[in-house]
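What follows is each chain in one-letter form.
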Amino acid sequence: MLWKLLLRSQPCRLCSSRKMLPAPKHRPFLAAFTYTTNHQPNKENQRTVEKLHQFSVDIRKIRRLKGWVLLEDETYVEEIANILQQLGASETAVASILERCPEAIVCSPTAVNSQRELWQSVCKSEEELVKLIEQFPESFFTVKDPENRKLNVQFFQELGLKNVVISRFLTTAPSIFNNPVEKNKQVIRVLQESYLNLGSSETNMKVWLLKLLSQNPFILLNSPAAIKETLEFLQEQGFTDSEILQLLSKLKGFLFQLGPKSIQNSISFSKNAFKCTDHDLKQLVLKCPALLYYSVPVLEERIQGLLKEGISIAQIRETPMVLELTPQIVQYRIRKLNSLGYRVKDGHLASLNGTKKEFEANFGKIQAKKGRPLFNPVAPLHVDE
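Residues numbered from 1 in each chain as written. Predicted model: local features only at pLDDT ≥ 70, side-chain atom pairs only at ≥ 80, totals over all residues. Heavy atoms only, no water.

You'll find the protein entered in an unreviewed UniProt entry as Mitochondrial transcription termination factor 2, with Pipistrellus kuhlii given as the organism. For the protein, the Subcellular location (unreviewed entry) comment in UniProt is given as "Mitochondrion". (UniProt positions renumbered as here; feature names shortened; annotations may be inferred.)

In structure tokens form, the structure reads like this:
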């Protein structure tokens, strides 16, 4: 997915620094805490096992998934469990958290308390914080540069992002807090300047920026140079400033996560597939910005899927938004419409479009229309006497 990243700088863990022995090859990134094992290889720390048992933790799950934590000389089972309980976590919740994120027990209680304070600053209550930790324990118990994360939280608050949005970032997009705060500020400045240079107002820019970050915080992982390069490329393709603003709004910033080369490949493929001029293709893109976003293999698969259903290229050109649907969704919707005697290949594709909710509503209308009687059964009958 688009949300993959490379962490380049040396992480500062919540765990205390200790000498590290070679780690198992398939141990995930999160598990790369600094640790040492007992002098006797593969011998579990019985104190750790006993403490985990006291908190009703299923040791078998830990052994199966991340057994290395049980080999640690120094662990903080009781301390971490107490911190969670002080927040209001139940015994069941504590056990679940430690089973799903055993690395928590090798984290420094001091660092965990600092993390708790940061997360509490954007949570409405301790109850909400516990729920977030239960859902995303790995995000809570892994940190890189606590002070930098704090500065990033303050920066997002200054931008006008609501705490509920920032708390969502902490759980589902923690990588953006790994960026130095100055880098995030630089990306934001470029986005602001670019939007204003395209002819928007200061007020609209602020609304757009907050919405953009809320929908796609990973835009902050792009470099300022890449953002400028993409905008310049779109201008070279003949898109006006207002059209670029339209594309930016519809694509929610994902456009910046594509390079000009990728966009050019998609444009060239679409132009050839639809046998259209540059002007016609631009109109298609404005109707369906996904033509820029989807890779050539994805576009090819979706067009071929529609053709197999008897739909023509002309129909697709008329309603290009149908390309936003996967072949599986298209097949399902066509079968449902066919069950009513509605032949999509003989008509307009608009009936296929939309979200699941929109399609079901449209399907219901077609179904009601098909079942409607030719006369009104409740209307009075006018019979000559």
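Now for the overall build of the protein. Secondary structure assignment for the protein yields 20 helices and 0 strands. A buried classification covers 47% of the 385 residues belonging to the protein. Residue pairs at least 24 apart in sequence account for 72% of intrachain contacts in the protein once pairs closer than 6 positions are excluded. Accessible surface computed for the protein: about 20,700 Å², of which carbon and sulfur atoms make up 52%. (Helix = DSSP H or I, 4+ residues; strand = E, 2+ residues; numbered from the N terminus. Buried < 20%, exposed > 50% of the residue type's maximum accessible area, 1.4 Å probe, protein only. Contact = heavy atoms within 4.5 Å. Areas by Shrake-Rupley, 256 points an atom, 1.4 Å probe, with all protein chains shown as cover.)

The next subject is helix H3 (residues 77-86). For H3, the full list of buried residues reads Val-77, Ile-80, Ala-81, Ile-83 and Leu-84. Along the axis of H3, the buried positions cluster into a sector of 155 degrees, meaning they face one direction only. One or two positions beyond H3, positive phi appears at Gly-88, with a value near 110 degrees. (Arc of directions from axis to C-beta.)

So, about the nonpolar core. Generally speaking, nonpolar side chains in soluble globular proteins are found buried as a group. Counting 108 residues, the largest nonpolar core has Leu-52, Phe-141, Phe-156, Leu-191 and Ile-316 as the members making the most contacts within it. Counting residues per element, this core draws most heavily on helix H10 (residues 181-197), at 6 residues. Apart from the residues lying within four places of it in its own chain, the contact partners of Leu-191 are Trp-208, Leu-209, Leu-212, Ile-219, Ile-227 and Phe-256. (Core = buried A, V, L, I, M, F, W, Y, C linked by side-chain atoms within 4.5 Å.)

With that settled, consider the packing of helix H5 (residues 109-120) against helix H8 (residues 146-159). Contact geometry of H5 with H8 gives a least axis separation of 11 Å together with a crossing angle of 5 degrees. What the angle tells us is that H5 and H8 run roughly parallel. Residues Gln-115, Leu-118 and Trp-119 of H5 pack against Arg-149, Lys-150 and Val-153 of H8. Looking at the contact of H5 with H8, its residues break down into 3 nonpolar, 1 polar and 2 charged. (Axes fitted to C-alpha atoms, helices over the stretch in contact; angles between N-to-C directions. Parallel < 35°, antiparallel > 145°, perpendicular 65-115°, else oblique. Nonpolar A, V, L, I, M, F, W, Y, C, P; charged D, E, K, R; others polar.)

When you line up the elements, Gln-192 lands in helix H10. Taking the relative accessible area as the measure of exposure, Gln-192 reaches 23% and is therefore partly exposed. For Gln-192 and Trp-208, which are 16 residues apart along the polypeptide, the C-alpha to C-alpha distance reads 9.4 Å. Gln-192 has contacts with Leu-159, Met-205 and Leu-209, leaving out every residue within four places of it along the chain.

Further remarks concern the packing of aromatic side chains. For any pair of aromatic rings, geometry is given as the distance between the ring centres together with the angle between the planes. What the rule picks out here adds up to 8 aromatic pairs. Ring geometry for Trp-119 versus Phe-140: centroids 5.1 Å apart, planes at 90 degrees, classification edge-to-face. Taken together, the positions of Trp-119 in helix H5 and Phe-140 in helix H7 (residues 137-141) put the pair 21 residues apart, joining distant regions of the chain. Taking the relative accessible area as the measure of exposure, Phe-140 reaches 1% and is therefore buried. Aromatic side chains Phe-155 and Phe-156 sit 5.9 Å apart centroid to centroid with 40 degrees between the ring planes, which places their arrangement in the tilted category. Through pairs of rings, three or more aromatic residues link up here, namely Phe-155, Phe-156, Phe-169 and Phe-177. (Phe/Tyr/Trp six-rings, centres within 6.5 Å; stacked < 30°, edge-to-face > 60°.)

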